[in-house]
Amino acid sequence: MSSTRRLPIYFLVDTSGSMTGDPINQVRTQLSSIIDGLRADPQALETAYLCLITFGAKANVEVPLTSLETFNIPAVLTASGSTAMGEALELLVRTRKADVVPKTGSTAGDWRPMVFLLSDGVPTDDFDAGIREFKKLRWGVRVACAVNGAEESNLRRFLDASDAPAGYNDESANLVHVSTADPMHMQSFFKWVSASISAVSGSANPDNMTSDTPPPAPGSNQNNSSVGNPQLPPPPPTLT
Amino acid sequence: MGEFKLKETDKVQEVSPNSHDESMDNIAYFIGYFTLIFFPLGSIIGGGYFLYDSIVKLDNKPSPGQLVLSVVCIGFLVLYLACALVFLCDVLFFLYKKMSDKNKQKNSLKLTPVNSENSKTNSVAKSEGSLVEPADKKKAEAERIAKEIAEKAAAEKERVNKKIEEAKKAFDSKIASLNKLVPSKIDITPESESYDFSTCLKESGLKLYPKTKSLPSYIEWSEGSEKITILDRRSFILAKSFSLEVEISDPLIAEDSELKSKIKPQNILLQFVAKYPEPVRKFIEWAKVSHNQVRLPNVKQGIAANFNLCEILSFDSSWAELLSIEDSSGSLVLEGSKNLLTGVIKEPVNDIKINALFQCKDMPSVKHSVVLILTCTMDAEMRWKQIEKSDSDKPPQLKEDEVSELKNMYNGLKDVKPLFDLVDDFGKPNRISFRQVKAGFDLAYASIRGRSHIKDGKFREDDIKAKFFLDNKALVIVVSDGAGSAALSRRGSQIVANLGLETLVDSFEKLISQESDYFIGNTDIEALKNKVKDIFTNTISSIRQRIDLESHIINGAKPTFSKKDMYATFLAAVLIPCKDGHILFSYSVGDGAIGVGGAPDEVSGIKCVPDHGQSAGQTLFVQTDGATDANKRLNVTIIPGSFSLMLMTDGVSDPLIPLDVESSPETWHSLSKELKCCAETLDVSDAVKTETFEQRGKLCEWLDSYQPSHHDDRTIAILSYNPIS
């Protein structure tokens, strides 16, 4: 029997000072309801493994990669300090290298990790270094969430698919905006996150999940082989 | 008149020895008044101007004129001060003179009696003698009264002093005896969590008040009482001790106006020490550290939960006892030892709240409650089996608009023959099985809808077709897996299986009739291979054409529709008898597997290009590039004697065959044995059988086997060959 291929899902949550109070509490509550919701999906329950990384003055693995079955969001998430987003990406890379079983000739390994990055600010550390490390690996679905009108340019760099064929651009599809001031808005975002995870974990081939049907690479045949892969549900229109 | 005169002379006599020159006085007064009036005027005007110029207009540098004026003003000021001093001295001198005059008068009164006695004889002779006498009398009387008053005052003072001294002594001794009764360190024990001073104070009648302004919040000392009570034992034990300054006063003194101000109340410092048994202290310290809400590790539904609360909450049974458990789910109970929480939760629930009440072993009144939060997660296997049981035979769920949309698509296609079992929702039976036995061959296959499709109310997307030809001596099996996300992949796989089978059978019949030598005599495989490659390439082409045609027609009913919506894989095996046994042509596009077992090791193993769709862009479908790469995809094997041929979609191969052993003959030998056992139990029939979950055959049951996270459609075909002896 072949072992189950895990679908690692990393949540990178901004816990800088500006997230203090209601924003971070909302994120915590919504993450917690994602977990509850996903647990009702037997497919996600078997496949999904979650890891929570927070970044304020420092990046920290709040909950290491844990099966959905045993995962629990910490009772309290505290927010303070600056925005060590670069460090968070480096930590993500280190954590992934330690946790995720790579594909080898004889084993299929785990699926490519999904990454959700939530931030309401601008990195205060060496973001370039973090992005460099991040781009060295191949990732599955990446979603950047600009909280409360956060600046987009850094989040776009996180999404920029340099590992995809030339001309392939999924930036806009994966960048969403949420406002913590609007609970319904938050809820619709996290519902979409939950649906995306379900879609990926239920997919026959999560590695080829795309957020949108990408246009064929220029010069290549119309029968681009990645076409026809399962798709993420489209994010609610209010988020994009 | 005489009296008056005498007084006048008296005054003059008394004044004159001390009074110096009268004119000197007048000059001094003049200087005094002059300076008092004019100098300040001058200095105020001058100084004011100076101040205005040099301070208010700070930016201006003073001119020489201003400087001179300033110096003059300062000079005037100094002069004024000197004169004022002289005047002040004079005034003081004048006052002093007046005072000493009065004293002289008094002294003369006092001295009179002594003088009168000494000069009694002289006084008679003197002319003024008659006038002196009444004055002496008055003086003596006044003297007597004064003396009396002085004596009285002295006596009174002595009495008060004595009283104070006595009261002080009494107070001191009261305090001394109180000190003996009240130690400076007072132990508070669980037996008495208060301290009453009233018994100690009863005898002495002293009063005691807290002097410390802010008392610790955990104690109570209500006004007017002499009792201190521990209100919050926990805080007190955690604080270990507290000090209190008290004021001790004697009401006898406080109420006496003479003593009140003379004898101050005493302040003493008292320390109250928490003397509780060690277990109580430990319990309370634990209660402080342990959170009020503790999350227990998640449990799975139906699985016995067993929590050692001692470990989880890190308490020790030597000082804490779990008194009761209040579980809202009603599933968990306390075990005999009272620290084990056990039970089985049948249904998944989020955040069950369990109230655990603890008491301190040495002091049952000390309690602590902790809310335990427990999440019971679903057992995925259990859930899948529920889904399978309840929904396996249900038709796929379609929305109303989907039904009509599919109907429109169907109407467009229904005249384009052949239809290949096309129905109006493009669906197919949820589970099928088939078994046919022909000269030496035993063919069985089954295809089921995956649990994930059952759950989502979707169609089975796999398809399979098999056909004997050449007098049942040759056989074609085609298996196809429709792409998960493609809307009509079930039709795609149907076309692949049906058209693929027909095309291959026709082409090989033609090939065999043209090139019969190859199959009867010695065969030149390499020469034949090219022709077979063409056959497969052409087969794929005709499948593509058909899919293009159908998608074009459907596109008319649904403009967003394209051939991508009918993506499907292609696995085909063609078995033809030859001189050395059988020749197997196998061809694969996409994932899934073809393999041979039960034959000699050199010919057993995987018989297709392993394609597991692991790296992006490698998932192949009939429609995609590379499907016609026959050089890579065609596999030719000559199998002597008996064997088993197996074809399966990735729903079977992914969970069943680990990548590292997929080429190993042993894998295929054991798989063929397992499958043969299942296949042999099926009824032989020329028609494909539609099964239900309840009445499923052994092969379908085998396909239903649970593998975590593998819930795709599953299709398996097994062909066993045993030469007829």
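Because the structure is a prediction, the values reported are computed rather than measured.

**Student:** Got a minute to help me understand the overall build of chain B in this structure?
**Tutor:** Along the backbone of chain B there are 21 helices and 27 strands. Relative to its 725 residues, chain B shows a buried fraction of 32%.

**Student:** Explain the overall build of chain A to me, please; I cannot follow it from the model alone.
**Tutor:** Within chain A, the regular secondary structure consists of seven helices and six strands. Seen in sequence order, chain A has helices and strands lined up from the N terminus as β-α-α-β-β-α-β-α-β-α-α-β-α. Classification of the 240 residues of chain A by burial places 47% in the buried group. For chain A, the proportion of contacts with a sequence separation of at least 24, taken over those separated by at least 6, is 77%.

**Student:** Can you help me understand the sheet that holds strand β27 (residues 714-721) of chain B in this one?
**Tutor:** Paired through backbone hydrogen bonds, the strands of a sheet run either parallel or antiparallel to each other. Residue and element names in this part refer to chain B. Read across the open sheet, the seven strands follow the order β23-β22-β25-β27-β17-β16-β26; overall the sheet is antiparallel. The open sheet has two edge strands with one neighbour each: β23 (605-606) and β26 (689-690). Across eight bridges, the pairing between strand β17 (residues 441-448) and β27 is antiparallel. Counterpart to S447 in the pairing with β27 is T715.

**Student:** Could you clarify how one ought to interpret the pairing of strand β19 (residues 474-481) of chain B in this entry?
**Tutor:** Residue and element names in this part refer to chain B. Taken across its eight residues, β19 has eight buried, putting it largely inside the fold. The alternating pattern of β19 places A474, V476, V478 and S480 on one face and L475, I477, V479 and D481 on the opposite face, and all of these are buried. Relative to β19, strand β18 (residues 462-469) runs antiparallel, the two being bridged by eight bridges. Pairing of F468 across the sheet is with L475, part of β19. Two successive antiparallel strands, β18 and β19, enclose a turn made up of four residues, where L470 displays a positive phi of approximately 55°. Alignment of β19 against strand β20 (residues 570-578), held across five bridges, turns out to be antiparallel.

**Student:** How should I be thinking about the domain arrangement of chain B in this particular structure?
**Tutor:** Where interface size is quoted, it is often the accessible area lost as the parts come together. Assigned domains within chain B: domain 1 (21-119), domain 2 (178-276), domain 3 (289-378) and domain 4 (388-721). Put simply, the middle of domain 2 of chain B and the middle of domain 3 of chain B, counted by C-alpha atoms, are 43 Å apart.

**Student:** What should I look at first to understand the sheet that holds strand β3 (residues 207-210) of chain B in this one?
**Tutor:** Residues and elements named next belong to chain B. Across the sheet, which stays open at both edges, the four strands sit in the order β1-β7-β6-β3 with mixed pairing between neighbours. Edge positions in the sheet fall to β1 (185-188) and β3, since each of these pairs with one other strand and no more. Within this sheet the neighbouring strands show an average axis-to-axis angle of 35°, counted without direction. Inspection of the sheet shows strand β6 (residues 241-249) paired to strand β7 (residues 266-274) by eight bridges, in the antiparallel sense. The partner of I248 across the bridge, within β7, is Q266.

**Student:** Even after reading the chapter, I still don't get the confidence of the model for chain A, so can you show me in this structure?
**Tutor:** Detailed conclusions should not be drawn from predicted coordinates in areas where pLDDT is low. All names here are of chain A. In this model, chain A carries an average pLDDT of 80, and 78% of its residues clear a pLDDT of 70 or more. Between residues 165-169, whose pLDDT stays under 50, and residues either more than four places distant or in other chains, the model counts eight contacts. Overall, residues 211-230 carries pLDDT values under 50, and its contacts beyond four positions in sequence, including any with other chains, amount to 51 contacts.

**Student:** Help me out: how do you make sense of the packing of helix α3 (residues 85-99) of chain A against helix α4 (residues 127-135) of chain A in this one?
**Tutor:** Helix packing geometry: the angle between the two helix axes and the distance between the axes. Residues and elements named next belong to chain A. It is at 7 Å that the axes of α3 and α4 come closest, and there the two elements cross at 25°. Between α3 and α4, the angle is such that the two are roughly parallel. Where α3 crosses over α4, the two elements pack in a sense that is left-handed. In this structure, α3 contributes M85, G86, E87, A88, L89, E90, L92 and V93 to the contact, and α4 contributes F127, A129, G130, I131, E133 and F134. Here the contact of α3 with α4 is composed, by residue class, of nine nonpolar, two polar and three charged.

**Student:** How should the environment of I253 of chain B be read in this particular structure?
**Tutor:** All names here are of chain B. Mapped onto the elements, I253 comes out in helix α8 (residues 251-254). In this structure, the C-alpha to C-alpha distance between I253 and I237, residues 16 residues apart in sequence, is 38 Å. Setting aside residues up to four positions removed in sequence, I253 forms contacts with A167, F171, L259, K260 and I263.

**Student:** Would you mind showing me how to read the environment of I554 of chain B here?
**Tutor:** Residues and elements named next belong to chain B. Assignment of secondary structure puts I554 in helix α17 (residues 525-557). Residue class for I554 comes out buried when judged on the 26 C-beta atoms lying within 10 Å of it. Each residue touching I554, except ones within four places of it in the same chain, is listed here: M409, G412 and F561.

**Student:** Before we go on, may I ask you to explain the confidence of the model for chain B in this structure?
**Tutor:** Residue and element names in this part refer to chain B. Overall, the predicted model of chain B reaches an average pLDDT of 84, with 85% of residues at or above 70. Counted against residues more than four places away or in other chains, residues 1-20, with its pLDDT under 50, gives six contacts. Below a pLDDT of 50 lies the segment residues 109-129, which in the model reaches twelve contacts outside its immediate sequence neighbourhood of four places, other chains included. Overall fold confidence for the complex sits at a pTM of 0.71, while the interface term, ipTM, reaches 0.81.

**Student:** Is there a simple way to explain helix α20 (residues 665-679) of chain B in this structure?
**Tutor:** Residues separated by three or four positions in an α-helix point in the same direction, a consequence of the helix having 3.6 residues per turn. Residue and element names in this part refer to chain B. With 15 residues, α20 should reach 21 Å at 1.5 Å per residue; the first-to-last C-alpha distance of 21 Å fits that figure. Considered for burial, the residues of α20 that qualify are P665, T667, W668, L671, S672, L675, C678 and A679. Projected down its long axis, α20 shows its buried positions confined to an angular sector of 140°, all on one face. In α20, the exposed positions angled more than 90 degrees off the buried face are occupied by E666, K673 and C677.

**Student:** Sorry, what's going on with the nonpolar core here?
**Tutor:** Side chains of a nonpolar character, in soluble globular proteins, are inclined to be buried together. Ranked by internal contacts, the top residues of the largest apolar core, which has 90 residues, are V476, I477, A572, I716 and A717 of chain B. Not counting chain neighbours up to four residues away, the residues in contact with I716 of chain B comprise Y445, A446, M648, V652, L675, L699 and L703 of chain B. With 65 residues, the next largest nonpolar core counts M19, V27, L31 and Y49 of chain A among its residues.

**Student:** Even after reading the chapter, I still don't get unusual backbone geometry, so can you show me in this structure?
**Tutor:** The general pattern is negative phi for most residues beyond glycine and trans for most peptide bonds. Residue and element names in this part refer to chain B. The peptide bond linking K417 to P418 adopts the cis configuration, its omega dihedral lying at -5°. Residue position: P418 is located in the loop between α13 (400-413) and β16 (431-438). Despite not being glycine, S314 has its phi angle at roughly 45°, a positive value. With respect to the element layout, S314 can be found in the loop between α11 (309-313) and β11 (320-327). Since 10 C-beta atoms lie within 10 Å of it, S314 is described here as exposed. In this structure, D471 takes a positive phi of about 55° despite not being glycine. Within the secondary structure, D471 is located in the loop between β18 and β19.

**Student:** I keep staring at the pairing of strand β2 (residues 48-55) of chain A and nothing clicks. Help me out?
**Tutor:** Consecutive side chains along a regular strand alternate between the two faces of the sheet. Residue and element names in this part refer to chain A. Of all eight residues that make up β2, eight are buried, and the element is covered over most of its length. Judged by which residues are buried, β2 turns out to be covered on both faces: A48, L50, L52 and T54 on one side and Y49, C51, I53 and F55 on the other are all buried. Note that strand β1 (residues 7-14) and β2 share eight bridges and pair parallel. Its bridge partner being in β2, Y10 is matched across the sheet by C51. Two elements, β2 and strand β3 (residues 59-67), share six bridges in a ladder whose sense is antiparallel. Looking across to β3, one finds that Y49 is bridged to S67.

Rules used throughout
Residues numbered from 1 in each chain as written. Chains lettered and ligands numbered in written order. Predicted model: local features only at pLDDT ≥ 70, side-chain atom pairs only at ≥ 80, totals over all residues. Helix = DSSP H or I, 4+ residues; strand = E, 2+ residues; numbered from the N terminus. Buried ≥ 20, exposed ≤ 12 C-beta atoms within 10 Å, placed from the backbone. Contact = placed C-beta atoms within 7 Å. Pairing = 2+ DSSP bridges. Domains from an automatic or database assignment. Axes fitted to C-alpha atoms, helices over the stretch in contact; angles between N-to-C directions. pLDDT = per-residue confidence, 0-100. Parallel < 35°, antiparallel > 145°, perpendicular 65-115°, else oblique. Left-handed = near helix turned anticlockwise from the far one by under 90°. Nonpolar A, V, L, I, M, F, W, Y, C, P; charged D, E, K, R; others polar. Expected span 1.5 Å × (residues − 1). Arc of directions from axis to C-beta. Core = buried A, V, L, I, M, F, W, Y, C linked by C-beta atoms within 7 Å.

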